[in-house]
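Summary of the model geometry
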Amino acid sequence: MTRPPLRIGNASGFYGDRFDAMKEMLDGGRLDVLTGDYLAELTMLILGRDRMKDPGRGYARTFLRQLEECLGLAVERGVKVVANAGGVNPAGLAAQVRELAERLGVPVRVAHVEGDDLLGTGRFPGALTAHAYLGGAGITACLEAGADIVVTGRVTDAALVSGPAAWHFGWAPDAYDRLAGAVVAGHVLECGTQATGGNYSQFATHRGQLRRPGFPLAEIHEDGSAVVGKHPGTGGLVDVGTVTAQLLYETGGARYAGPDVTARLDTVRLEQEGADRVRIHGVRGEAPPPTLKVGLNRLGGFRNEVVFVLTGLDIDAKAALVREQMEDAFGRAKSRPAHVRWELARTDRPDADTEETASALLRLVVRDRDQDAVGRALSGAAVELALGSYPGFHVTAPPGKGSPYGVFEAAYVDRGDVPHVAVLPDGERRDVPAYDGPTRPLAPVEEPAPPAPLPAGPTRRAPLGRVVGARSGDKGGDANIGVWALGEDAWRWLAHALTVDVLRELLPETADLTVTRHVLPHLRALNFTVEGILGEGVAAQARFDPQAKGLGEWLRSRHLDIPEALL
């Protein structure tokens with residue numbers, strides 16, 4: 001017998017997202033399940049350090065405060081809540097939720113998922129956190145046991161949707177196409193309002209709708225298809241563009257691997273079904289890979305920075321002088337910082353009518369394993385230049401002693417080596433059986449044939465963003481830039497025009513890095529992965545934009561010869 005669609009919403013895209021989103025989603029309309037994604041690579045480091053200070057911590061405390069306001073409402077409306085807010089201590093958060101429910105007098109069944117924490121196994125010496133990315137099977141087991149609230153540690157973001165979908169429809173582990181459809185829907189929902197117009201490159205056309213975007217929801221169907229939308233009356237918009245943007249976010253090639261299934265992004269089809277309703281269908285799935293990804297955070301060393309303000313004339317000469325002076329000071333110090341990076345941002349303009357707009361910013365970032373090498377060696381040298389450097393010398397803030405920074409790395413382990421445990425509402429610890437079906441190691445897909453090129457015609461020099469949208473993000477030290485055409489003719493041009501070599505010319509920072517182009521014709525999109533552009537990851541803060549959030553917008557601002565017919 002066919003089951004009705006599962007109506008599942010999202011109320012958090014990161015730790016620190018809009019606090020009142022949980023209440024908005026519960027009040028806004030009918031839901032069966034409400035999810036919340038609180039974890040990112042940097043968040044795991046933050047929560048790991050919290051746990052080091054207090055073993056009882058290590059979870060997203062915001063989630064507990066949201067539940068204090070919303071637990072009764074969720075139970076009253078029959079909405080199950082599934083969140084990865086457990087961070088590095090899901091058992092601790094589950095206990096806190098039970099205490100909260102008892103204090104509020106709300107009868108609620110709480111379960112949690114654990115097994116992802118591999119820090120104590122000794123396999124990753126020097127790591128501060130080591131967590132395998134689990135799939136949705138533990139969540140499914142908790143819901144099958146009658147849980148109202150399920151909290152997890154490090155599961156894949158999409159598992160927050162695919163786990164409840166497998167529970168609702170009773171999908172078998174080898175229902176690859178259906179699971180893949182739910183994974184794709186989960187990827188669309190996981191970042192909250194990024195699916196409803198947030199961070200959207202075509203925002204200018206819809207600016208009036210985007211002041212306060214509503215959070216997204218999806219109606220998952222038994223065949224794995226889904227319709228993405230939002231509650232009536234909420235801000236933002238859901239169209240093929242917003243869904244495409246989120247599909248490309250922080251992905252790579254056509255195979256999007258997860259613990260339960262590998263979803264083929266090159267099979268995803270999108271269709272506008274009505275106002276603020278986009279249908280996702282046609283998704284094909286394959287057997288998952290034989291390994292699980294493990295996210296590792298370790299202490300990378302110490303960093304410090306100072307930003308020199310250069311005002312008025314002779315900006316380049318002023319920058320050269322202070323660089324020479326600082327390099328001289330480093331040469332006389334006991335030890336030069338291991339990593340020294342200078343960046344000059346020409347924010348100045350000629351004949352400016354304010355001092356700020358007449359000024360450029362010269363940023364110096366230093367990193368070293370030794371805190372002293374980035375502490376006094378930098379702060380003393382910078383401050384001592386105050387009366388003996390370029391005219392108008394000042395800094396945005398004096399440098400301090402240097403602060404620790406983290407490094408993210410990915411490792412892979414055999415899926416059979418990772419425990420997956422569902423701790424049910426009655427306290428029973430149930431081992432979730434390891435997936436024992438066929439596995440498929442990841443491999444690139446053969447690039448599809450390109451569309452027919454546009455007929456030759458006149459071109460005009462113009463920003464690439466006139467004919468494409470883009471969204472970019474980070475994965476450890478790498479970044480991706482997803483670019484999609486704003487029409488079929490634009491796709492016929494884009495698929496031929498934006499090659500790896502052209503991308504390197506447009507973004508000189510990528511010139512010496514490994515760049516791979518992936519073609520997704522059903523989305524009229526290209527997805528570029530750029531290896532190593534973020535150094536050791538966001539926590540290392542090695543780059544001006546450490547999470548590559550603006551990389552796509554930089555690309556859109558670059559000029560190319562574009563057919564006039566598209567403009």
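Residues numbered from 1 in each chain as written. Predicted model: local features only at pLDDT ≥ 70, side-chain atom pairs only at ≥ 80, totals over all residues. Heavy atoms only, no water.

1. Thoughts on the overall build of the chain
Secondary structure assignment for the chain yields 14 helices and 26 strands. In terms of overall dimensions, the chain is globule-like: its C-alpha atoms have a radius of gyration of 25 Å, near the 24 Å expected for 567 residues. Principal axes of the C-alpha set define a box for the chain whose edges measure 80 × 65 × 45 Å. Per-residue burial for the chain yields a buried fraction of 58% across its 567 residues. (Helix = DSSP H or I, 4+ residues; strand = E, 2+ residues; numbered from the N terminus. Rg over C-alpha atoms; globule rule 2.2 N^0.38 Å. Buried < 20%, exposed > 50% of the residue type's maximum accessible area, 1.4 Å probe, protein only.)

2. Structural notes on unusual backbone geometry
The phi dihedral of D314 falls on the positive side, at around 55°, and the residue is not glycine. In this fold, D314 is placed in the loop between β14 (291-311) and α9 (315-332). Judged by its relative accessible area of 56%, D314 is exposed. For A548, which is not a glycine, the phi torsion comes out positive at approximately 60°. One can find A548 in the loop between β25 (525-530) and α14 (551-557). By relative accessible area, which is 0% here, A548 ends up buried.

3. A few points about the pairing of strand β6 (residues 149-152)
Neither face of β6 is left uncovered, since the one carrying I149 and V151 and the one carrying V150 and T152 both have all their residues buried. Here 3 bridges tie strand β3 (residues 80-83) to β6, and the two strands are oriented parallel to one another. Of the residues in β6, the one forming a bridge with V81 is I149. Taken together, the 4 bridges between strand β4 (residues 110-114) and β6 define a ladder with parallel strand orientation. The partner of H112 across the bridge, within β6, is V151. (Pairing = 2+ DSSP bridges.)

4. Quick word on the sheet that holds strand β12 (residues 277-281)
Read from one edge of the open sheet, 11 strands run β11-β12-β8-β7-β1-β2-β3-β6-β4-β19-β20, paired in mixed fashion. Of all the strands in the sheet, the pair left with one neighbour each is β11 (269-274) and β20 (429-431). Ignoring which end each strand starts from, the neighbouring axes of this sheet average 20° apart. Contacting β1 (6-10), β2 (33-36), β3 and β7 (216-220), helix α6 (residues 159-169) runs over the sheet at an angle of about 160° to β1. (Axes fitted to C-alpha atoms, helices over the stretch in contact; angles between N-to-C directions. Contact = heavy atoms within 4.5 Å.)

5. Concerning the packing of helix α7 (residues 176-189) against helix α8 (residues 240-248)
The axes of two packed helices give the description: the angle between them and the distance between them. Where α7 contacts α8, the axes come no closer than 8 Å and their chain directions differ by 100°. Classified by the angle their axes make, α7 and α8 are roughly perpendicular. Contacts from V184, H187 and V188 of α7 reach α8 at V243, Q246 and L247. Split into classes, the residues belonging to the contact of α7 with α8 amount to 4 nonpolar, 2 polar and no charged. (Parallel < 35°, antiparallel > 145°, perpendicular 65-115°, else oblique. Nonpolar A, V, L, I, M, F, W, Y, C, P; charged D, E, K, R; others polar.)

6. Remarks on helix α4 (residues 90-104)
With 15 residues, α4 should reach 21 Å at 1.5 Å per residue; the first-to-last C-alpha distance of 21 Å fits that figure. The complete set of buried residues in α4 reads P90, G92, L93, A94, V97, L100 and A101. Here the buried face of α4 lies against α3 (61-76), β4 and β6. Just past α4, the residue G105 takes up positive phi, approximately 70°. (Expected span 1.5 Å × (residues − 1).)

7. Looking at the sheet that holds strand β13 (residues 284-286)
Here 3 strands make up an open sheet; going across it, the order is β9-β10-β13 and the pairing antiparallel. A strand with exactly one partner marks an edge of an open sheet, and here the two such strands are β9 (255-257) and β13. Pairwise comparison of adjacent strand axes, ignoring direction, gives a mean angle of 30° for this sheet. Sheet topology note: the β9/strand β10 (residues 262-264) ladder contains 3 bridges and is antiparallel. Bridge assignment links A257 to a residue of β10, and that residue is T262. Where α7 meets the sheet, it contacts β9, β10 and β13, and its direction lies at approximately 110° from that of β13.

8. Structural notes on the environment of D501
Here D501 lies in helix α13 (residues 500-506). On the basis of relative accessibility, which here comes to 52%, the residue D501 falls in the exposed class.

9. Examining the pattern of salt bridges
A side chain with one charge can pair with a side chain of the opposite charge if their charged atoms come near. Per the counting criterion, the structure on display carries 42 salt bridges. Between E273 and R277 there is a salt bridge, with its nearest N and O atoms 3.1 Å apart. The exposure class of E273 is partly exposed, given its relative accessible area of 40%. Exposure remark for R277: the relative accessible area of 29% places this residue in the partly exposed category. (Salt bridge = Lys/Arg side-chain N within 4 Å of Asp/Glu carboxyl O.)

10. Quick notes on the packing of aromatic side chains
For the coordinates displayed, the defined rule picks out 6 aromatic pairs. Ring centres 5.2 Å apart and planes at 45° place the aromatic pair Y390 and F393 in the tilted group. Judged on exposure class, the residue Y390 and its partner F393 are both buried. A connected cluster of aromatic rings, assembled from ring pairs, spans F308, W342, Y390 and F393. Between K293 and the ring centre of Y133, over which it is positioned, the NZ or CZ distance is 5.1 Å. (Phe/Tyr/Trp six-rings, centres within 6.5 Å; stacked < 30°, edge-to-face > 60°. Lys NZ or Arg CZ within 6 Å of the ring centre and 35° of its normal.)

11. Concerning the pairing of β2
Alternating positions in β2 separate into two faces, V33 and T35 on one and L34 and G36 on the other, with burial throughout. The handedness of the β1 to β2 crossover, carried by helix α1 (residues 21-28), is right-handed. (Right-handed = clockwise from strand over helix to strand, strands pointing away.)

12. Notes on the side chain of D348
By secondary structure assignment, the location of D348 is in the loop between β15 (339-345) and β16 (359-368). Polar side-chain contacts of D348 include one of 2.9 Å to the side chain of R346. Excluding residues that lie within four positions of it along the chain, D348 makes contacts with I315, T357, A358, S359 and A360. (Polar contact = N/O pair within 3.5 Å; in protein donor to acceptor, adjacent residues only side chain to side chain.)

13. Considering helix α2 (residues 41-53)
Compared with the 18 Å implied by 1.5 Å per residue over 13 residues, the 19 Å span of α2 between its first and last C-alpha is a close match. Listed as buried for α2 are E41, T43, M44, L45, L47, G48, D50 and R51. For α2, the elements touching its buried residues are α3, β5 (127-132), β14, β18 (403-414) and β22 (468-475).

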